Amino acid sequence: PKRKKHPNLHTSHTHTLQLLYIYVLCVSKIKMAPMNRISSRRGTSHNNTKWKIHNKKSIFFIMNVILCISFVSLIILSYKIFGSSRRSKDNVVTSQMKRMMELSQYETEDNKKSSSLKQNSLRMKQPPLESSNDASSSSVKGGGGGGGGREVRNDMNPNRDDNTHNKQKAAAVVSPPLPQQQTQKAKATIGYAISLTGCPSDPKNQLGDGAAVLAHSIHLNSIQNNNKSSSYDYQMYAIVHPDAKSCSSILQELNYVIIEGVDPVSVQDIQGDGFLREKVVKNGCCGEKEFIKLHAYTIVQHPVVVHLDLDVLVLQPLDDLFDIMLEEEKEEEEDDAAEEARKKLPVMFQASIPDKVDAFFTRDYNMVMPHSKRKPVQGGFLALRPSMETYNEFVNIIRTGHYTKGGGWGDLGFGPFYGSMTFQGIIPYYYDALHPNTAVEVSRCIYNQMCDNPRTGRTVNDIVSGDCRTGEKDTCEDCRERPMEDVKTAHFTLCQKPWECLPHDGGRIQERLCKQLITEWFRVRKDLEVNTWNKEEGVGMFKKDIFHGYCTSHGKKGYIPMEVPRL
């Protein structure tokens, strides 16, 4: 069939003919104009006549150049229009086929994404709990003077539509179960809790990054990771004080269940001689707000709850602790695991382990002198048996306010020391004085490792000096010499926070283990971002063997914060 002419092509030819016609007229007019008429009209001399003749030739030359350029441009334009019209017809079938292939590819990718999200939501779903303490229902936990902690679950609203539910499930992006399928059923689901008493100066680093890496380290050492030998599942909780509510949304995005943690007892309701009531608000790091950690005892839907600080990293499964605490509830074939755990559990001073253990903790010997009879508990680690009865007893202790200036809690020596009026003092008072032989102090070199100096003197050239802070006379273990392979949990206190980008590469005894633990923290962060969130590796070049690309320079300003993906 005859090819249809392009309308633009016809128009361009018409303009070309018109311009050629004008060009011919102009040239003919210029050439036919008599030279003497130009000079006679102006009344100029012979020299002026020559000058104008020369000027007329220049004008004629310029017009020739302009018209030639226009003519060539129109030819090129006509060729492009003609060629594009021809190519557009020839490529219709090809473009349609490409479009169909793209659509089919998008549909395939969408199907893969939807199936992946569905699998992740199924894997991330909290394991079923006992019907009497179902965590999916709204309940008010607590008692006594200050009330309790109201548990806020993301999936409690029955009026919400399914799309909202799916979006919130997809937003729980921290540490979904690893690709390997579980080959065994979990013995129990352990609750892991953190407490937030206020908003830090830099919530993005101190709160968001700390909470994300902590949760992922717990995930890597749970039954959801088949590469580890753990038999326990986990669920993350965040006890949030009302003063910290404004910065707690990041914790919900990280799949933490939020518990509103009001003060167990209002300060004005504390009785006694008034000393505790007047001084507790300025005691320790957070004053009376640190009592919200006691809300961990109200998470009774789990048989064991582990309360940790945000700057803690879990390096190995904690199954030995759980096996011992749940020994009475286990079946006969599981008794061997508990018995084996009792034999190898590292406890302080080779103390015996009671038949029933309600708590495991470590002590902070840096807060008191070696001769002190009562030692504080280190607030960064506490594995406990949740109980409303225990929680209410703590509430009554606080409300009674039996804390003296020189004798601490019960006037029995549990104070004064740093934090003695709050968590660090009331926990040892409860387990050492009120309920002895129900809790066990585990080795601080393996659990809650802080790389602290075991003696009162300085360490020079790896040689220690001074008395043992533990009160031991001759020798005391130096936790800084422990191989990192032995460490179960690390607490970044003396080593400083990982997001401060301190390399600890001086080579001294107090730096060697800190360097390894900092490196491990960043390795866990890299695993979270690269393998779970499918992000690119860090681009920071400062000490990349330590910081894995997440620091650009020494100090806080060189730290590269995490970006939580929004699905």
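Everything numeric in this text was worked out from a predicted model, so none of it was measured.

### Thoughts on the state of the cysteines
- Enumeration over the complete set of coordinates arrives at 6 disulfides.
- Between the sulfur atoms of C285 and its disulfide mate C286 the distance is 2.4 Å. Because the sign of the S-S torsion sets the handedness, a value of about -90° for the bond joining C285 and C286 places this disulfide among the left-handed ones.
- Each disulfide pairs two cysteine sulfurs, and for C495 the partner residue is C514, the sulfurs being separated by 1.9 Å. Taking the torsion about the sulfur-sulfur bond, which here is approximately -75°, the covalent link between C495 and C514 counts as left-handed.

### Quick notes on the pattern of salt bridges
- Summed over all chains, the structure comprises 20 salt bridges.
- Taking the shortest distance from any N to any O, the salt bridge between R342 and E327 comes out at 2.9 Å. Of this pair, R342 sits in helix α10 (residues 335–344) while E327 sits in the loop between α9 (319–325) and α10, and the two are 15 residues apart along the sequence. Like R342, the residue E327 is buried in the burial classification.
- Between D432 and R363 there is a salt bridge, with its nearest N and O atoms 3.0 Å apart.

### A closer look at the nonpolar core
- Within the largest apolar cluster, 76 residues are counted, with the highest numbers of intra-cluster contacts made by Y192, L251, Y256 and F360.
- Membership of the second largest hydrophobic core comes to 38 residues, among which are V377, L382, V395 and Y403.

### Description of empty space enclosed by the protein
- Within the structure shown, the criterion is met by 2 cavities of 30 Å³ or more.
- By volume, the second largest cavity is sized at about 70 Å³.
- For the second largest cavity, the lining is made up of 14 residues, of which Y192, N221, S222, S230 and F322 are closest to its centre.
- The class makeup of the residues in the lining of the second largest cavity is 9 nonpolar, 3 polar and 2 charged.

### Section: the packing of helix α11 (residues 388–400) against helix α12 (residues 423–434)
- Direction vectors running N to C along α11 and α12 enclose 110°, while the axes themselves pass 12 Å from each other. When the axes of α11 and α12 are compared, the pair comes out roughly perpendicular. Contacts between α11 and α12 involve T390, E393, F394, I397 and I398 on the former and, on the latter, I426, I427, Y429, Y430 and L434.
- Looking at side-chain class alone, the contact of α11 with α12 contains 8 nonpolar, 1 polar and 1 charged residues.

### A few points about the confidence of the model for the protein chain
- Of all residues in the protein chain, 66% attain a pLDDT of 70 or more, and the chain-wide mean is 78.
- Counting contacts from residues 29–53, a segment whose pLDDT is below 50, to residues more than four positions away or on other chains yields 15 contacts.
- Taken together, the stretch residues 176–181 has pLDDT below 50 and engages in 18 contacts with residues farther than four places along the chain or on a different chain.

### Observations regarding unusual backbone geometry
- Of note, the amide linkage connecting G415 to P416 takes the cis form, showing an omega dihedral of 0°.
- Tracing the backbone through its elements, the reader meets P416 in the loop between β11 (408–409) and α12.
- Despite not being glycine, N255 has its phi angle at roughly 75°, a positive value.
- Look at D462: it is not a glycine, yet its phi comes out positive at around 65°.
- Turning to its location among the elements, D462 is positioned in the loop between β12 (439–441) and β13 (489–491).
- D462 gets classed as partly exposed once you look at its relative accessible area, which sits at 35%.

### Topic: the pairing of strand β3 (residues 188–196)
- Within β3, 9 of the 9 residues are buried, leaving the element largely enclosed by the surrounding structure.
- Pairing geometry for β3 and strand β4 (residues 232–240), over 9 bridges, is parallel. By the bridge assignment, A188 is partnered in β4 with Y232.
- Here β3 pairs with strand β6 (residues 305–308) via 3 bridges, running parallel. When the bridges of β6 are listed, Y192 appears paired with V306.

Rules used throughout
- Residues numbered from 1 in each chain as written.
- Predicted model: local features only at pLDDT ≥ 70, side-chain atom pairs only at ≥ 80, totals over all residues.
- Heavy atoms only, no water.
- Disulfide = S-S within 2.5 Å.
- Salt bridge = Lys/Arg side-chain N within 4 Å of Asp/Glu carboxyl O.
- Helix = DSSP H or I, 4+ residues; strand = E, 2+ residues; numbered from the N terminus.
- Buried < 20%, exposed > 50% of the residue type's maximum accessible area, 1.4 Å probe, protein only.
- Core = buried A, V, L, I, M, F, W, Y, C linked by side-chain atoms within 4.5 Å.
- 1 Å grid on protein atoms, 1.4 Å probe; cavity = no way out; pocket = protein on both sides within 12 Å on 5 of 7 lines; lining within 4 Å.
- Points joined across faces, edges and corners; volume = space filled by probe spheres on them.
- Nonpolar A, V, L, I, M, F, W, Y, C, P; charged D, E, K, R; others polar.
- Axes fitted to C-alpha atoms, helices over the stretch in contact; angles between N-to-C directions.
- Parallel < 35°, antiparallel > 145°, perpendicular 65-115°, else oblique.
- Contact = heavy atoms within 4.5 Å.
- pLDDT = per-residue confidence, 0-100.
- Pairing = 2+ DSSP bridges.

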